[in-house]
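Here is what each chain is made of, one letter per residue.
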Amino acid sequence: MEINLISDTVTKPTTGMLEAMMTAKVGDDVFKNDPSVNALEEKVANYFGMEASLFFPSGTMANQTAIKLHTSPGEQLICDKYAHVYNYEGGGVSFNSGVSCKLVDGNRGMMTSEQVEEAINPPDFYHSPLTSLVCIENTTNKGGGACWDFNELIKIEKICTDNDLKYHLDGARLWNALVAKQENPKDYGKLFDSISVCLSKGLGCPVGSVLAGNKKLIDDALRVRKVLGGGMRQSGFLAAAGIYAMNYHIDRLADDHKRAKEIGEVLIRLEIIQKVEPIETNIIIFELDETKMSSNNFLAKLEEHNISIIGMGQGKLRIVTHLDYTQEMHLHFLKVLKTLA
Ligand SMILES: *Cc1c(COP(=O)(O)O)cnc(C)c1O
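Bear in mind that the values here come from a model prediction, so they are computed numbers and not experimental data. (Residues numbered from 1 in each chain as written. Predicted model: local features only at pLDDT ≥ 70, side-chain atom pairs only at ≥ 80, totals over all residues. Heavy atoms only, no water.)

Regarding the sheet that holds strand S8 (residues 209-213)
The cut-off we apply is this: Pairing between two strands requires that DSSP report at least two bridges joining them. For the purposes of this entry, the term helix denotes a DSSP run of H or I that reaches at least four residues, the term strand denotes a run of E that reaches at least two, and both are numbered from the N terminus. Note on geometry: axes are lines fitted to C-alpha atoms, helical ones only across the stretch in contact, with angles between N-to-C directions running from 0 to 180 degrees. The contact criterion used throughout is that any non-hydrogen atoms of two residues lie within 4.5 Å.
Across the sheet, seven strands lie side by side as S2-S8-S7-S6-S5-S3-S4; this open sheet has mixed pairing. Two strands in the sheet have a free side with no partner beyond their single neighbour: strand S2 (52-56) and strand S4 (100-104). Within the sheet, the average angular offset between the axes of one strand and its neighbour, ignoring direction, is 20°. Here S2 pairs with S8 via five bridges, running antiparallel. Paired with Leu54 across the bridge in S8 is Leu211. Against the sheet, helix H7 (residues 150-162) touches strand S5 (131-137) and strand S6 (166-171), its axis set at about 145° to S6.

Encoded structure:
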């Protein structure tokens, strides 16, 4: 049995999803003639109660498009120091938009509204870049799947409105937060100027992300997506997977969360483990007591059992539960973990 826990992106389409893909009605989406893509875009827009949405090949492209549309070159966006848009999008913020990031030293990837307010450059002080956008991430990736307190998001929205800033949500794993905190997606739709979501993470699709916003933003996003090379033809095969995933794979994220918590409970009792960060969704970040066992040794021992997890740097290790991590694998993994100490 091979157990891959390095990310929730390693999943393969289920039989039901493949069936939906194989039987999808498709057309040429560059001419906006693909009925499955159009249906997915309508479904996501309705889900958030927003006017429109656009299908993208990746979450990176969806975020980069939003940043491009919300800023002008030379301006600055505010984000947490752990933000995906800053750390893991290849410097796209500067490459694509000519924008810099003001990094906030938040907690597990989450800033307070006070920190956001302090990070805004005074608009009349022309020596510093003009602040034009706030980007937040829910759940936080590098922050270990942490979920925001919705009240804080409301407070930040007010600061954005008062200071004429746009407000973007990188919701690659927003589905996990919605399930974990039993929140209403339409509340998010009301708050943000744009929301990106990934279909290729917890929802188990092979490819795809969606950007939602108002009609004007999404009309403009079509051109930016084209410039970035993201216009696809019979992408309805992929969109059909997304529709299937939204129908059948959202509620089950609770299983991933439950298993993640159970793994955490076993880890924390192991003598070789120094720290396990709080587990709210499907990501577990932990540190070994390196005087007892090195990270490399720990990873190698798991590999002997065909179990893969990933190092995050700075002595941190990460486990991510997902759709292809079955209950059988889970019980086996917990057993193996207990033998390692
Ligand atoms: C995965 C992820 C993305 C997008 O990644 P792609 O691999 O480009 O789809 C964006 N933000 C966060 C927080 C992510 O975890």
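So, the state of the cysteines
Quick note on the threshold: When two cysteine sulfur atoms are found within 2.5 Å, that pair is recorded as a disulfide. A simple rule labels every residue: compare its accessible area, found with a 1.4 Å probe on the protein chains alone, to the largest value its type can have, and call it buried under 20%, exposed over 50%, or partly exposed in between.
Within the structure shown, the criterion is met by zero disulfides. Cys198 supplies the cysteine sulfur nearest to Cys147, a cysteine that is in no disulfide, at a spacing of 16 Å. Taking the relative accessible area as the measure of exposure, Cys147 reaches 6% and is therefore buried. In this model Cys160 remains outside any disulfide bridge; the closest cysteine sulfur is found in Cys135, 9.6 Å from its own. A relative accessible area of 2% means that Cys160 is categorised as buried.

Details of the site of the ligand
What counts is decided by this rule: Neighbouring residues are identified by heavy atoms, a residue being near a molecule or strand if any of them is within 4 Å of it. For the purposes of these results, a polar contact is taken to be a pair of N or O atoms within 3.5 Å, where, inside protein, one atom must be able to donate a hydrogen and its partner to accept one; residues adjacent in sequence count only when each atom of the pair is a side-chain atom. Computed by Shrake-Rupley with a 1.4 Å probe, the accessible areas treat only the displayed protein chains as cover when residues are assessed.
In the region of the ligand, 13 residues are neighbours, and Gly59, Thr60, Asn141, Asp170 and Lys201 sit closest. Between the ligand and Asp170, the relevant distance is 2.6 Å, taken from a nitrogen atom to a side-chain nitrogen or oxygen of the residue. Arg173 places a side-chain nitrogen or oxygen 3.0 Å from an oxygen atom of the ligand. About the coverage of the ligand: the protein hides 84% of its 380 Å² of free accessible area.

Focus: helix H14 (residues 327-340)
Our working definition: For a helix, the expected span equals 1.5 Å multiplied by the number of residues minus one. Taking the helix axis as origin, the arc is that swept by the directions to the C-beta atoms.
Taking 1.5 Å per residue, 14 residues should reach 20 Å; H14 reaches 20 Å between its end C-alpha atoms and fits that length. When we look at burial in H14, the residues that qualify are Met329, His330, Phe333, Leu334, Val336, Leu337 and Leu340. Buried residues of H14, viewed axially, fall in a sector of 165°; they line one side. Away from the buried face of H14 by more than 90 degrees, exposed residues Glu328, Lys335, Lys338 and Thr339 are located. Among the structural elements, strand S1 (3-4), helix H12 (253-269), helix H13 (295-304), strand S11 (307-308) and strand S13 (316-320) are those in contact with the buried residues of H14.

Comments concerning empty space enclosed by the protein
Leftover empty space is mapped by rolling, across the atoms, a probe with the size of a water molecule. Condition: Lining residues are defined by having an atom within 4 Å of a point belonging to a cavity or pocket. Those points lie on a 1 Å grid over the protein atoms alone, cavities being sets where a 1.4 Å probe fits but cannot get out and pockets being open sets with protein on both sides within 12 Å along at least five of seven lines. Grid points are joined across faces, edges and corners, and a volume is the space filled by probe spheres set on the points. Any residue outside Ala, Val, Leu, Ile, Met, Phe, Trp, Tyr, Cys, Pro, Asp, Glu, Lys and Arg is labelled polar, Gly included; the first ten of those are nonpolar and the last four are charged.
Per the stated rule, a full pass over the model turns up two cavities of 30 Å³ or more. When its volume is computed, the largest cavity comes out at roughly 90 Å³. In terms of lining residues, the largest cavity is bounded by Asp80, Tyr82, Ala83, Val85, Gly109, Met111, Cys135, Ile136, Glu137, Thr140 and Asp170. A breakdown of the residues in the lining of the largest cavity according to their chemical character gives six nonpolar, two polar and three charged. Quantified by volume, the second largest cavity comes out at close to 50 Å³.

Some words on the domain arrangement of the protein chain
Selection rule: Boundaries between domains were set according to an automatic or database domain assignment. Summed over both partners, the accessible area lost on bringing two parts together, with a 1.4 Å probe, is the buried area. Salt bridges are counted wherever a side-chain nitrogen of Lys or Arg sits within 4 Å of a carboxyl oxygen of Asp or Glu.
Here the domain parsing of the protein chain yields domain 1 (3-9 + 252-339) and domain 2 (15-248). Just the C-alpha atoms count here: the centres of domain 1 and domain 2 sit 28 Å apart. Across the contact, 18 residues belong to domain 1 and 23 residues belong to domain 2. Looking only at domain 1, the three residues that lose the most surface to domain 2 are Asp8, Leu253 and Glu280, adding up to 33% of its buried area. Run the count over domain 1 and domain 2 and you get two salt bridges. When the shortest N-O distance is used, the salt bridge between Arg173 and Asp8 registers 2.8 Å. Where domain 1 meets domain 2, there are eight residue pairs in polar contact (both at pLDDT 80 or more). Contributing elements (two or more residues each) for the side of domain 1 that touches domain 2: H12, strand S10 (283-288) and S13.

Things to note about the environment of Lys43
Here Lys43 shows up in helix H2 (residues 35-48). When the C-alpha positions of Lys43 and Met246 are compared, they lie 8.9 Å apart, and in sequence the two are 203 residues distant. Leave out the neighbours within four places in its chain, and Lys43 touches Ile243, Met246 and Asn247.

Thoughts on the layout of surface pockets
Of the pockets and cavities examined, the largest pocket occupies roughly 220 Å³. Contributing to the lining of the largest pocket are 22 residues, with Gly59, His84, Ala172, Cys198 and Lys201 lying nearest its centre. Only helix H3 (59-70), S6 and strand S7 (194-198) provide two or more residues apiece to the lining of the largest pocket. Considering each element in turn, the lining of the largest pocket owes the most residues, three residues, to H3. Per-class residue counts for the lining of the largest pocket are four nonpolar, 13 polar and five charged. By volume, the second largest pocket amounts to about 160 Å³. What lines the second largest pocket is simply Lys32, Asn38, Glu41, Glu42, Ala45, Glu51, Ala52, Ser53, Leu54, Ile218, Asp219 and Leu222. Among the secondary structure elements, those contributing two or more residues to the lining of the second largest pocket are H2, S2 and helix H10 (215-227). Among the elements that line the lining of the second largest pocket, the one with the most residues is H2, at four residues.

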